[in-house]
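# Secondary and tertiary structure notes
The residues making up each chain are set out below.
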Amino acid sequence: KLQGDAADCPLSPADLSQSNFPLLEAVIRETLRTRATVPVASRVHDTAALQVPGLGRNGAAAPVAPGVACHAVYALSMNDEASAGANPTEFNVDRWLRGHGNHKTMAPADDPINRHFFAFGGHARSCVGMNFAYVEMRSLIVYLVATFSWTLAEPTEGVENLYAAGVQQPKLGLKLNFKRL
């Protein structure tokens, strides 16, 4: 389906918005959710008003004193059922989509899947290159999907995985065979 969408797509940033290609956006989001580029971020807390959920008794919020370093483990926050839905360890683009049949759209901003998505950080401290990164990912994926078909060059059974900063990836990379369409 993504290949069919990509074949008719002009490669301009305006045409590659998430509203025009919800399946493409869902593939990107699910990839970032399951293979976080920066799975952990650290910040030194500098105000007295910070309340961190889950630090208190029975999971209640607890205050964090100024000057204390807080570590956000994005890879963990996106891999539990409360934030990712059922079967959080499985790759499933449908968790990002709402609607039926060919009329699917991205989940709204207030949906739990989006509220817990921090692949680029969040709020005032989010990555300044986030929008550029999304345009680059969309452009590259549309180009690859519209121009090539590909298959795995080697079977994935028995591939040794490397766990780097909480993210699982093939230790020796992923080898693909490309064929121009």
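Look above for the structure.
Residues numbered from 1 in each chain as written. Predicted model: local features only at pLDDT ≥ 70, side-chain atom pairs only at ≥ 80, totals over all residues. Heavy atoms only, no water.

## Some points on the packing of helix α2 (residues 22-34) against helix α6 (residues 130-147)
At a minimum axis distance of 11 Å, the contact between α2 and α6 shows a crossing angle of 115 degrees. The two elements α2 and α6 cross, and the hand of that crossing is right-handed. Side by side, α2 and α6 meet where Leu24, Glu25, Ile28, Arg29 and Leu32 of the first sit next to Tyr134, Met137, Arg138, Ile141 and Val142 of the second. In terms of residue class, the contact of α2 with α6 is made up of seven nonpolar, no polar and three charged. (Axes fitted to C-alpha atoms, helices over the stretch in contact; angles between N-to-C directions. Helix = DSSP H or I, 4+ residues; strand = E, 2+ residues; numbered from the N terminus. Left-handed = near helix turned anticlockwise from the far one by under 90°. Contact = heavy atoms within 4.5 Å. Nonpolar A, V, L, I, M, F, W, Y, C, P; charged D, E, K, R; others polar.)

## A closer look at the side chain of threonine 34
Structurally, threonine 34 can be placed in helix α2. Judged by its relative accessible area of 17%, threonine 34 is buried. Reaching out from threonine 34, the side chain makes a polar contact with the backbone oxygen of glutamate 30 at a distance of 2.9 Å. (Buried < 20%, exposed > 50% of the residue type's maximum accessible area, 1.4 Å probe, protein only. Polar contact = N/O pair within 3.5 Å; in protein donor to acceptor, adjacent residues only side chain to side chain.)

## A word on the nonpolar core
Within the largest apolar cluster, 20 residues are counted, with the highest numbers of intra-cluster contacts made by Ala26, Leu32, Trp96, Ile113, Phe117 and Tyr134. Those elements that provide at least two residues to this core are α2 and α6. With near-sequence residues (within four places) excluded, alanine 26 lies in contact with Val93, Trp96, Leu97 and Met106. (Core = buried A, V, L, I, M, F, W, Y, C linked by side-chain atoms within 4.5 Å.)

## Overview of the pattern of salt bridges
Using the criterion set out here, one finds six salt bridges in the structure. For the salt bridge of glutamate 25 with arginine 29, the shortest nitrogen-to-oxygen distance reads 3.3 Å. Taken together, the residues span about one helical turn, with glutamate 25 and arginine 29 both in helix α2 at a distance of four residues. Relative accessible area serves as the criterion here: at 1%, glutamate 25 is assigned to the buried category. The buried category is assigned to arginine 29, whose relative accessible area is 12%. Here arginine 95 ties to glutamate 30 by a salt bridge, and the two come within 3.0 Å at their closest N and O atoms. Linking arginine 95 in the loop between α4 (81-84) and β5 (97-98) with glutamate 30 in helix α2, this pair joins segments that are 65 residues apart in sequence. The pair arginine 95 / glutamate 30 is uniform in exposure class, with both members buried. Linked through salt bridges whose partners overlap, the residues forming this network are Glu25, Arg29 and Arg138. (Salt bridge = Lys/Arg side-chain N within 4 Å of Asp/Glu carboxyl O.)

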